[in-house]
Amino acid sequence: MAFAGFPSEGLSFLAGLEADNSKSYWTTNKDVYDRALKGPMEALLIEVDERFQPLRMFRPNRDVRFAKDKSPYKTQVAAAGERAGGALYYVAISATGLMIGSGAYMMATDQLARFRAALADDRKGAAFLGLVEVYKNAKGMRLNSGGESPLKTAPKGYPKDHPRIEYLRWKGATVFQEFGDPAWLQTAKAKTRIEQAWAACDPLNDWLDANVGPSELPPEERR
């Protein structure tokens with residue numbers, strides 16, 4: 001089917017799932033999930049501009065093998081893809097609405113080493129500080145440490161009084177934007193809004209492409 005937005009009943013389904021994260025709720029309401037969330041997300045991933053592809057939708061089941069929280073289902077419907085330089089594009093629908101993100105999320109160890117070396121360099125580090133200001137002044141956009149809490153102290157090899165120590169303690173660099181549930185989310189215009197939001201992340205992703213790049217380590221050695 002062609003992408004026509006995310007129906008409001010999809011958000012209502014996710015609100016109900018937050019309140020009752022059970023197999024019985026999921027089974028009873030799975031037709032709503034398929035019609036109002038899974039179907040539209042799959043259509044969106046096919047139709048978005050090719051510069052943002054390929055994107056993959058995450059499965060709805062949580063991996064609870066080692067988790068204290070045994071809730072079986074994720075309470076958001078999300079998808080992500082990786083561009084050639086290693087940065088990610090991310091889109092998610094939750095009970096509160098739409099969120100998009102892009103950047104370097106949970107950097108591998110070799111990426112993190114290159115990221116910190118670039119921040120320590122006066123020219124490259126100054127360029128990153130310029131990005132901080134760009135996103136401070138961009139309505140609704142937040143530049144943060146890639147989904148993980150920063151280190152509490154300076155990383156090994158860097159002085160605690162480094163002028164860019166705040167960012168040297170980061171483990172990633174991403175831009176997120178939360179849109180809530182505007183009327184256009186239920187229409188085909190949502191695709192354009194998502195593409196525009198991802199494009200607004202280009203300054204960060206271009207810096208990451210030039211200074212960090214994708215991980216060169218085997219998957220089992222990246223963390």
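Below, the structure is looked at part by part. All values derive from a computational prediction rather than experimental measurement.

### A look at helix α4 (residues 122-136)
Right, on to step 1. End to end, α4 covers 21 Å across 15 residues, agreeing with the expected 21 Å (1.5 Å per residue, within 8%).
Right, on to step 2. Taken together, the buried positions of α4 are Gly 125, Phe 128, Leu 131, Val 132 and Tyr 135. Seen end-on, α4 carries its buried residues on one side only, within an arc spanning 105 degrees. Across from the buried face of α4, at angles greater than 90 degrees, the exposed residues are Asp 122 and Arg 123.
Right, on to step 3. Its buried side turned inward, α4 meets α3 (109-120), β5 (141-144), α5 (165-168), β6 (173-180) and α7 (202-211).
Right, on to step 4. Looking at where α4 begins, the residue whose side-chain oxygen comes 3.1 Å from the main-chain nitrogen of Arg 123 is Asp 121.

### As for α3
Right, on to step 1. With twelve residues, α3 should cover 16 Å at 1.5 Å per step; its first-to-last C-alpha distance of 17 Å lies within 8% of that length.
Right, on to step 2. Within α3 the residues assigned to the buried category are Asp 110, Gln 111, Leu 112, Phe 115, Arg 116, Ala 118 and Leu 119.
Right, on to step 3. Packing partners of the buried residues in α3 comprise α4, α5, β6 and α7.

### A closer look at the pairing of strand β2 (residues 76-82)
Right, on to step 1. Taken across its seven residues, β2 has five buried, putting it largely inside the fold.
Right, on to step 2. Two strands pair when backbone bridges link them, and strand β1 (residues 56-57) and β2 are joined in this way by two bridges, in the antiparallel orientation. Bridging from a neighbouring strand, Arg 56 pairs with Ala 80 of β2.
Right, on to step 3. Taking the residues that link successive antiparallel strands as the turn, the β2-strand β3 (residues 88-94) hairpin has five residues, and the phi of Gly 86 there is positive, at about 105 degrees.

### Some points on the nonpolar core
Right, on to step 1. Formed by 58 residues in total, the largest nonpolar core has its most connected members in Met 41, Phe 115 and Phe 128.
Right, on to step 2. One finds Ala 78, Ala 80, Ala 92 and Phe 176 within the second-largest nonpolar core, a separate group that totals six residues.

### Some thoughts on unusual backbone geometry
Right, on to step 1. Residue Gln 53 is joined to Pro 54 through a cis peptide bond whose omega torsion reads 0 degrees.
Right, on to step 2. Relative to the elements of secondary structure, Pro 54 occurs in the loop between α2 (23-47) and β1.

### Some thoughts on the sheet that holds β6
Right, on to step 1. Read across the open sheet, the six strands follow the order β1-β2-β3-β4-β6-β5; overall the sheet is antiparallel. The open sheet has two edge strands with one neighbour each: β1 and β5.
Right, on to step 2. With seven bridges joining them, strand β4 (residues 97-104) and β6 adopt antiparallel strand pairing. Bridge pairing links Gly 101 to Phe 176 in β6.

### Looking at the packing of aromatic side chains
Right, on to step 1. Overall, the coordinates contain 17 aromatic pairs when judged by the stated rule.
Right, on to step 2. Their ring planes at 65 degrees and their centres at 5.5 Å tell us that Phe 3 and Phe 6 sit as a pair that is edge-to-face.
Right, on to step 3. Among the residues examined, Phe 3 registers a relative accessible area of 5% and is labelled buried.
Right, on to step 4. Phe 6 gets classed as buried once you look at its relative accessible area, which sits at 1%.
Right, on to step 5. Measuring from centroid to centroid gives 6.1 Å for Phe 13 and Tyr 33, while their planes differ by 45 degrees, and the two rings are tilted. Highlighted residues: Phe 13 in helix α1 (residues 8-19) and Tyr 33 in helix α2, separated in sequence by 20 residues.

### Overview of the pattern of salt bridges
Right, on to step 1. Overall, the coordinates contain 14 salt bridges when judged by the stated rule.
Right, on to step 2. Among the salt bridges present, the one from Arg 65 reaches Asp 63, with a minimum N-O distance of 2.7 Å.
Right, on to step 3. Using a relative accessible area of 61% as the deciding quantity, one classes Arg 65 as exposed.
Right, on to step 4. A salt bridge links Arg 164 to Asp 122, with the nearest nitrogen and oxygen atoms 3.2 Å apart.

### Description of the packing of α4 against α7
Right, on to step 1. Taken N-terminus to C-terminus, the directions of α4 and α7 make an angle of 160 degrees; their axes are 10 Å apart at the nearest point. When the axis of α4 is compared with that of α7, the two are roughly antiparallel. Handedness of the crossing formed by α4 with α7: left-handed. For the pair formed by α4 and α7, the contact residues are Lys 124, Ala 127, Phe 128, Leu 131 and Tyr 135 on the first element and Asp 202, Pro 203, Leu 204, Trp 207 and Asn 211 on the second.
Right, on to step 2. Class assignment for the residues of the contact of α4 with α7 results in seven nonpolar, one polar and two charged.

Rules used throughout
- Residues numbered from 1 in each chain as written.
- Predicted model: local features only at pLDDT ≥ 70, side-chain atom pairs only at ≥ 80, totals over all residues.
- Heavy atoms only, no water.
- Helix = DSSP H or I, 4+ residues; strand = E, 2+ residues; numbered from the N terminus.
- Expected span 1.5 Å × (residues − 1).
- Buried < 20%, exposed > 50% of the residue type's maximum accessible area, 1.4 Å probe, protein only.
- Arc of directions from axis to C-beta.
- Contact = heavy atoms within 4.5 Å.
- Polar contact = N/O pair within 3.5 Å; in protein donor to acceptor, adjacent residues only side chain to side chain.
- Pairing = 2+ DSSP bridges.
- Core = buried A, V, L, I, M, F, W, Y, C linked by side-chain atoms within 4.5 Å.
- Phe/Tyr/Trp six-rings, centres within 6.5 Å; stacked < 30°, edge-to-face > 60°.
- Salt bridge = Lys/Arg side-chain N within 4 Å of Asp/Glu carboxyl O.
- Axes fitted to C-alpha atoms, helices over the stretch in contact; angles between N-to-C directions.
- Parallel < 35°, antiparallel > 145°, perpendicular 65-115°, else oblique.
- Left-handed = near helix turned anticlockwise from the far one by under 90°.
- Nonpolar A, V, L, I, M, F, W, Y, C, P; charged D, E, K, R; others polar.

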